[in-house]
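Topology and contacts: notes
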Amino acid sequence: MIAAQAALETRMLLRNGEQLLLTVIIPSLLLVLFSTVDIVAVPVATADGGTGRSVDFLAPGVLALAVLSTAFTGQAIATGFERRYGVLKRLGASPLPRWALMTAKTLSVLVTEVLQIVLLTLIAFALGWDPQGSPASVVLLLVLGTAAFSGLGLLMAGTLKAEATLAAANLVFLLLLVGGGVIVPLDRFPDAAQSVLGLLPISALSDGLRDVLQHGAGLPWGALGILAAWAVLGLGAAARFFRWE
């Protein structure tokens, strides 16, 4: 039942034009545009003092943006409208347990993220990306990032009205795109703002991925700690305050 529901959720997600815009088109366009056109100067110095490419800085940030768009924005909007139209209530009364429904939604998010990451990685390679570091560290960061954003998305969808969720999720996506270290480095912001922005889950995920993929670092414990804290808080709050009707 979980596999069937996960397959259905994935098909519904991939058929939604707005979700495709958020999950595929926008991250791909940002990666290509900012890697080929010098709109925002990004640091490209490598760990050994050489000169890298803009894509080496941008690709990890865009991968983090892909996780944000699917696990948070897309899931919040879809779940919010399912709740409004009574879909969740009806599914809750079906043989599929509520925990199994949430598991299926999580699996759908993970499948979509795999497709996103494969596509964005191929585009980045075509642009000359030369990733470093351990794939295991990257996977751990992506999993924790998904848990953190998924919890926050479900919390928003389960507590706000659908229209408010739609507006708030898109607004948060735009704000984190600009201020989360995805395209614009955090060191371009005032010192006081940097200390606050650095605690955001999108900043932790993009910086952690950048440490590994651009600089070849091991496990970025600081970023992992921030993401784990957001995951515990978000999922715990979602489990406590989520309303099915």
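Look up: the structure comes first, before these words.
Anyway, here's the lowdown on the structure attached to this text. Note that this is a predicted model, so its numbers are computed, not measured.

Summing up its helical and strand segments, the protein chain has ten helices and zero strands in all. Secondary structure elements of the protein chain occur, N-terminal to C-terminal, as α-α-α-α-α-α-α-α-α-α. The C-alpha radius of gyration computed for the protein chain amounts to 18 Å, which stays within 12% of the reference 18 Å derived for 245 residues, consistent with globular compactness. Counting every position in the protein chain, which comprises 245 residues, the buried fraction comes to 47%.

This brings us to the nonpolar core. In terms of nonpolar packing, the biggest core is built from 47 residues, with Leu31, Leu68, Leu141, Phe149, Leu205 and Leu209 touching the most fellow members. For this core, the elements supplying multiple residues, two or more each, are α2 (17–36), α3 (54–84), α5 (98–126), α6 (135–159), α7 (162–179), α9 (201–213) and α10 (221–241). Each residue touching Phe149, except ones within four places of it in the same chain, is listed here: Val67, Leu68, Ala71, Phe72, Pro201, Ile202 and Leu205. One finds Leu88, Leu154, Ala238 and Trp244 within the second-largest nonpolar core, a separate group that totals nine residues.

Quick look at the packing of α3 against α7 now. Closest axis-to-axis distance for the α3/α7 pair is 8 Å, and the angle between their directions is 170 degrees. In terms of orientation, α3 lies roughly antiparallel with respect to α7. Between α3, through Leu65, Leu68, Ser69, Phe72, Thr73, Ala76, Ile77, Gly80, Phe81 and Arg84, and α7, the contact on the second element is made entirely by Ala162, Glu163, Thr165, Leu166, Ala169, Asn170, Val172, Phe173, Leu176 and Leu177. When the residues that make up the contact of α3 with α7 are grouped by side-chain class, the tally is 13 nonpolar, five polar and two charged.

In this section: the side chain of Ser203. Checked against the element boundaries, Ser203 lands in helix α9. On the basis of relative accessible area, Ser203 is assigned to the buried category, the value being 1%. Excluding residues within four positions of it along the chain, Ser203 makes contact with Gly179, Gly180, Leu186, Leu197, Gly198 and Gly208.

Conventions used here
Residues numbered from 1 in each chain as written. Predicted model: local features only at pLDDT ≥ 70, side-chain atom pairs only at ≥ 80, totals over all residues. Heavy atoms only, no water. Helix = DSSP H or I, 4+ residues; strand = E, 2+ residues; numbered from the N terminus. Rg over C-alpha atoms; globule rule 2.2 N^0.38 Å. Buried < 20%, exposed > 50% of the residue type's maximum accessible area, 1.4 Å probe, protein only. Core = buried A, V, L, I, M, F, W, Y, C linked by side-chain atoms within 4.5 Å. Contact = heavy atoms within 4.5 Å. Axes fitted to C-alpha atoms, helices over the stretch in contact; angles between N-to-C directions. Parallel < 35°, antiparallel > 145°, perpendicular 65-115°, else oblique. Nonpolar A, V, L, I, M, F, W, Y, C, P; charged D, E, K, R; others polar.

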